[in-house]
Amino acid sequence: MEGTKPVNKKLAAALSGGAVLVLALSGCGGDENEKLDSWAKDVCDAVQPQAKKIESANASIQKETSDNSTPEDVQKTDAKAFQDMSDAYKAIGAAVNKAGAPDVENGETKQKDAVKELNTISASYASLKKQVDDLDTKDQGKFADGLKDIATELDKLSKSGNDALRNLEEGEVGQAMARQSSCKAATGPASAT
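In short, a report on the structure.

## Section: the nonpolar core
- Counting residues in each nonpolar core, the largest one holds 39 residues, and the members touching the most others are Trp 39, Phe 82, Val 96, Tyr 125, Leu 128 and Met 177.
- Put simply, the parts of the chain that give this core at least two residues each are α2 (34–66), α3 (71–99), α4 (107–133), α5 (140–159), α6 (163–168) and α7 (171–178).
- Aside from chain neighbours lying at most four places away, what touches Val 96 is Val 43, Gln 111, Val 115, Leu 118 and Leu 168.

## Quick notes on the environment of Gly 107
- With respect to the helices and strands, Gly 107 occurs in helix α4.
- Looking at Gly 107, the relative accessible area reads 3%, which means it is buried.
- For the pair Gly 107 and Val 173, spaced 66 residues apart in the sequence, the C-alpha separation amounts to 9.2 Å.

## Side note on the side chain of Ser 122
- Take Ser 122: it is sitting in helix α4.
- Classification of Ser 122 by relative accessible area gives buried; the value is 5%.
- In contact with Ser 122, other than residues within four places in its own chain, are Ser 86, Tyr 89 and Lys 90.

## Considerations on the packing of aromatic side chains
- By the definition in use, this model includes two aromatic pairs.
- An angle of 5° between the planes, with centres 5.6 Å apart, marks the rings of Tyr 89 and Tyr 125 as stacked. With Tyr 89 in helix α3 and Tyr 125 in helix α4, the pair connects residues that are 36 residues apart, well separated along the chain.
- Residue classification places Tyr 89 among the buried positions, given a relative accessible area of 0%.

## Considerations on the state of the cysteines
- Within the structure shown, the criterion is met by one disulfide.
- Put simply, Cys 44 and Cys 183 are joined by a disulfide, and their sulfur atoms are 1.9 Å apart. Here the S-S torsion is close to -85°, and the disulfide linking Cys 44 with Cys 183 is therefore left-handed. Here Cys 44 is found in helix α2, whereas its partner Cys 183 is found in helix α8 (residues 181–187), with 139 residues between them in sequence.
- In this structure Cys 44 comes out as buried when scored by relative accessible area, which is 0%.

Definitions and limits used
Residues numbered from 1 in each chain as written. Predicted model: local features only at pLDDT ≥ 70, side-chain atom pairs only at ≥ 80, totals over all residues. Heavy atoms only, no water. Core = buried A, V, L, I, M, F, W, Y, C linked by side-chain atoms within 4.5 Å. Buried < 20%, exposed > 50% of the residue type's maximum accessible area, 1.4 Å probe, protein only. Helix = DSSP H or I, 4+ residues; strand = E, 2+ residues; numbered from the N terminus. Contact = heavy atoms within 4.5 Å. Phe/Tyr/Trp six-rings, centres within 6.5 Å; stacked < 30°, edge-to-face > 60°. Disulfide = S-S within 2.5 Å.

Coordinates in, geometry out; function isn't part of it.
Structure below.
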């Protein structure tokens, strides 16, 4: 099984880059704004379980790279992880959509752009899941090549955009989010396993 291990490690590395996305919610104190705080609480409360889901999907792929997994195991684990990530980003998009526009300048534009970006990320993970499902587990070489392509896609995904999300979370919005305990929990350092 050696052929798939280095490639799956690459996959895991690319993945950890991608998960930083949601966990980027941060900021530091600032003037309180009740309306904005209430908006931030709605979003943070919805993001927390999804961030955990993404972290756990990440961990399952990391784990799969550390033992002598068969291509079938790798395929099953990666497909489930990508599906979970797709669902999580979709749920975060729905939460940001439901929360409405934050009470800041250009709040509506920022919110709409972020929702669009989250849905695009969700669709990308769904597409990666389909790619993993379609891999030929019977042919080690083809399987490793397929994983390599997926790792490249993942790498692109983790480097791409996220501008709309960053844009949404800057300034007062980021400060309001930083005051929410659920956002702090979602962004805390991942416990080392």
